[in-house]
Each structure stands twice: as C-alpha cells, then as structure tokens.
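# Survey of secondary and tertiary structure
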Amino acid sequence: MNIQPQLIELCLQKNRKAEYELYKLTYSYLMSICMRYSKCKDTAAESLNLGFLKILTNLNSYNPQIPFKMWIRRIMINTLIDEYRKVKREREHISYVETYYDNPDFTDVNEAIDKFKVEQIYKLIDELPPSTKEVFNLYVIDGYSHKEIGELLNISEGTSKWHLSEARQKLKIKIEDKLFIKL
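Structural notes, computed from the coordinates. (Residues numbered from 1 in each chain as written. Predicted model: local features only at pLDDT ≥ 70, side-chain atom pairs only at ≥ 80, totals over all residues. Heavy atoms only, no water.)

## As for the overall build of the protein chain
Regarding its fold elements, the protein chain presents eight helices and zero strands. Across the protein chain, helices and strands are ordered from the amino to the carboxyl terminus as α-α-α-α-α-α-α-α. By residue count, 38% of the 183 residues in the protein chain fall in the buried class. Here the analysis covers contacts within the protein chain between residues at least 6 apart in sequence; of these, 69% occur between residues at least 24 apart. (Helix = DSSP H or I, 4+ residues; strand = E, 2+ residues; numbered from the N terminus. Buried < 20%, exposed > 50% of the residue type's maximum accessible area, 1.4 Å probe, protein only. Contact = heavy atoms within 4.5 Å.)

Shown next as structure tokens:
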C-alpha cells in the first residue's frame, strides 16, 4: 500500500474522489484487521466504515513523520476496541477468575501448527468466545501488552492474562482434535 502525500492533501481538501481512492487503496489492509476481530464479514465491513470515517475526520492530525499504514492501523484497532466495548456493555456481564496460573502445558507454537493453513487457524481463533478472542488478537497478533489490553478493554491485567491463557488452552485442544481427526 503506497499512499502518496498528494492524495492525503486532496483528502484534507474534502475531495470526494480522492477520499474514495484512499478507501480503495486501504480497504484490503483495513478489512484484514477488522476480520480478526469480527465473526461476521458484515460486522467487519461496518467497523471498517466507522474506522475509515474516523481516519478521514482526523486526517488533519496525521503527522507525515509517522508511516501512514501504522497511523490508520492504530485508528482502526481503536475503533474496533470502541465497538467491542459498546457490545460488551449491551451483553450480560460475566465474571472471570482474576488470577493467572503459569502452566508449562501452554505452548505458543509447535510443529503441529505447520500442518494448518492460515485460514484454518483464523477459523479456530474465530470460534473463541468474544472477550477471549479480543484479548488473544490484541496480545498475539497486534503485540499489545497485558497492561495496555487491560486499559483498552477496561479489565484488569490479570483478566487479560486469564483470557490469553484460556485462548491458548482452547486453541491447543482444537488443534489436537483436528490433528487426531486427520490421523
């Protein structure tokens, strides 16, 4: 994705054709981010549109010293987190254990993962409970720390660690089940 400064300047001038061109250029990148956080393509597209609107409305605060791709990624992730919070408030609250136990049985990656296609792994991640999936994506894929995740999602650092542990455990079981079926 190569966004020219002239295109950004035209977008700042509210040129609709330039805004549409920027949308087309960033669509696949932003949609890939949205799909990691949504089970439904329609929901992901809705989040993408909300995030893109935020990108356009905050374009005047963009600092050219920062890579544009990183800047729009941050806005999109923040939009997805805002949407997650909104949905979370609408759902019934669930209490989770606040403690995290280090367990040597949890593994990050092993040779079995090489036997899966990326789409299969994303599908397994997509089957996780929403809160657990959110924490897993933020920690493993987007590189946030547990402290940052706690601040973003209004949960404790321990709850973030618990969700990550839960995600790893569930994914491990799902991967083992898939491997057992293939044998």
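More follows now that the structure is in view.
## Observations concerning the pattern of salt bridges
Think of it this way: side chains of opposite charge can pair up when their charged atoms draw near. Scanning the entire structure with this criterion turns up 11 salt bridges. Two residues, Asp142 and Arg36, come together in a salt bridge whose shortest N-O distance is 2.7 Å. Highlighted residues: Asp142 in the loop between helix H6 (130–141) and helix H7 (146–153) and Arg36 in helix H2 (residues 16–37), separated in sequence by 106 residues. Here Asp142 and Arg36 have matching classes, each one buried. One salt bridge in this structure joins Asp142 and Arg73, with 3.1 Å as the shortest N-O distance. Of this pair, Asp142 sits in the loop between H6 and H7 while Arg73 sits in helix H4 (residues 68–90), and the two are 69 residues apart along the sequence. Put simply, Arg36, Arg73 and Asp142 are held in one network by salt bridges that share partners. (Salt bridge = Lys/Arg side-chain N within 4 Å of Asp/Glu carboxyl O.)

## Focus: helix H1 (residues 5–12)
The periodicity of an α-helix, 3.6 residues per turn, causes residues three or four places apart in sequence to face the same way. Three or more residues of H1 are buried, namely Leu7, Ile8 and Cys11. Along the axis of H1, the buried residues cluster in a sector spanning 100°; they form a single face. Exposed side chains of H1 directed beyond 90 degrees from the buried face belong to Pro5 and Gln6. Note on H1: the residue one or two positions beyond its end, Lys14, has a positive phi of about 65°. (Arc of directions from axis to C-beta.)

## Topic: the side chain of Ser160
Inspection of the secondary structure puts Ser160 in helix H8 (residues 157–182). Overall, the relative accessible area of 0% leaves Ser160 in the buried class. When near neighbours in sequence (up to four residues on either side) are disregarded, Ser160 contacts Val135, His146, Ile149 and Ile155.

## With respect to the packing of aromatic side chains
With the rule as written, the count across this model stands at five aromatic pairs. On the basis of an interplanar angle of 80° and a centroid distance of 5.0 Å, the ring pair of Tyr23 and Phe52 is categorised as edge-to-face. Within this pair, whereas Tyr23 is found in helix H2, its partner Phe52 is found in helix H3 (residues 41–57), the two being separated by 29 residues in sequence. For Phe52, a relative accessible area of 7% translates into the label buried. Residues Tyr62 and Phe68 carry aromatic rings whose centres are separated by 5.2 Å and whose planes lie at 90° to one another, so their mutual orientation is edge-to-face. Through pairs of rings, three or more aromatic residues link up here, namely Tyr23, Tyr27 and Phe52. (Phe/Tyr/Trp six-rings, centres within 6.5 Å; stacked < 30°, edge-to-face > 60°.)

Nothing here speaks to function; it is geometry throughout.
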